[in-house]
Amino acid sequence: MENTHKLVIIVGSVREGRIGPVVSSWVAEQARAHGGFDVEVVDLAHFEVPLSLPAASPKFAGDDYPRPAGMAGLTSALAGADAFVVVTPEYNHSYPASLKAAIDWHFTQWTAKPVAFVSYGGAAGGRHAVLHLENVLTELHAVTIRDGLAFPNYFTAWEDGRPLDAQAPGYAKTLLDQLAWWAGALRSAREAAPYPA
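Comments concerning the pattern of salt bridges
Next, step 1: One pass over the structure, following the stated rule, counts nine salt bridges.
Next, step 2: Ionic pairing is found between Arg162 and Glu29, a salt bridge with its closest N-O pair at 2.7 Å. Here Arg162 is found in strand β8 (residues 162-163), whereas its partner Glu29 is found in helix α1 (residues 20-34), with 133 residues between them in sequence.
Next, step 3: Asp82 serves as the salt-bridge partner of Arg187, at 3.2 Å between the closest nitrogen and oxygen. Here the residue Arg187 occupies a position in helix α7 (residues 168-192), and Asp82 occupies one in the loop between α3 (72-80) and β3 (83-89), the gap between them amounting to 105 residues.
Next, step 4: We classify Asp82 as buried; its relative accessible area is 9%.
Next, step 5: Linked through salt bridges whose partners overlap, the residues forming this network are Lys6, Asp38 and Glu40.

Focus: the packing of aromatic side chains
Next, step 1: Tallied over the full model, the rule gives eight aromatic pairs.
Next, step 2: With a centroid separation of 6.0 Å and an interplanar angle of 85 degrees, the aromatic rings of Trp26 and Phe151 are classed as edge-to-face. With a gap of 125 residues between them, Trp26 in helix α1 and Phe151 in strand β6 (residues 149-151) connect regions that are remote in the sequence.
Next, step 3: Where Trp26 meets Trp158, the ring centres are 5.9 Å apart and the plane angle is 90 degrees; that geometry is what we call edge-to-face. Of this pair, Trp26 sits in helix α1 while Trp158 sits in strand β7 (residues 158-159), and the two are 132 residues apart along the sequence.
Next, step 4: Taking the relative accessible area as the measure of exposure, Trp158 reaches 11% and is therefore buried.
Next, step 5: Taken together, the aromatic side chains of Trp26, Phe151 and Trp158 make up a single cluster linked through ring pairs.
Next, step 6: The ring of Tyr91 carries Arg15 above its face, with NZ or CZ at 4.7 Å from the centroid.

Section: the side chain of Thr75
Next, step 1: Take Thr75: it is sitting in helix α3.
Next, step 2: The exposure class of Thr75 is buried, given its relative accessible area of 13%.
Next, step 3: The residues contacting Thr75, other than those within four sequence positions of it, are Arg67, His106 and Gln109.

Cut-off values and rules
- Residues numbered from 1 in each chain as written.
- Predicted model: local features only at pLDDT ≥ 70, side-chain atom pairs only at ≥ 80, totals over all residues.
- Heavy atoms only, no water.
- Salt bridge = Lys/Arg side-chain N within 4 Å of Asp/Glu carboxyl O.
- Helix = DSSP H or I, 4+ residues; strand = E, 2+ residues; numbered from the N terminus.
- Buried < 20%, exposed > 50% of the residue type's maximum accessible area, 1.4 Å probe, protein only.
- Phe/Tyr/Trp six-rings, centres within 6.5 Å; stacked < 30°, edge-to-face > 60°.
- Lys NZ or Arg CZ within 6 Å of the ring centre and 35° of its normal.
- Contact = heavy atoms within 4.5 Å.

Below, the structure is given as structure tokens:
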């Protein structure tokens, strides 16, 4: 459908025992029910994402950037996306190294595309991680969505793969409505003229 946007939901944690895939699965369910998206869940644990980077910048190297073969599926998914939802925990008041590495291996794949955040953690619900991610993704010319979704004390806030907060689906709808609007606006803009990065 012309009005359907390609949404990539990124599972940002690769930690043993993580709840990220559970949260991401629920987010994907909400996005499919929303009706505005063609949804793909991308789990960073399934890709080769080294912490060591090449000397060249992905911004200037473009398609010639020397990424590992095991990263090809991730790069393809990011490039084909109209919008992203990043699902992240909070580690020591920030986000995981796995997520930073995945972001840093790419540049144009994020440019002029909207990014929303679903976070989880202790009392802050991962908001410190999101604040850091907003700064990083803005540097890559992505557009961050204001209304995110946070799950404080996730270890007691989820049961049978679902959040216990009855308002969570409503918050998710607001996030997805804003994301769909931006996805359409930015896709039209990218099609009309190259982004001046």
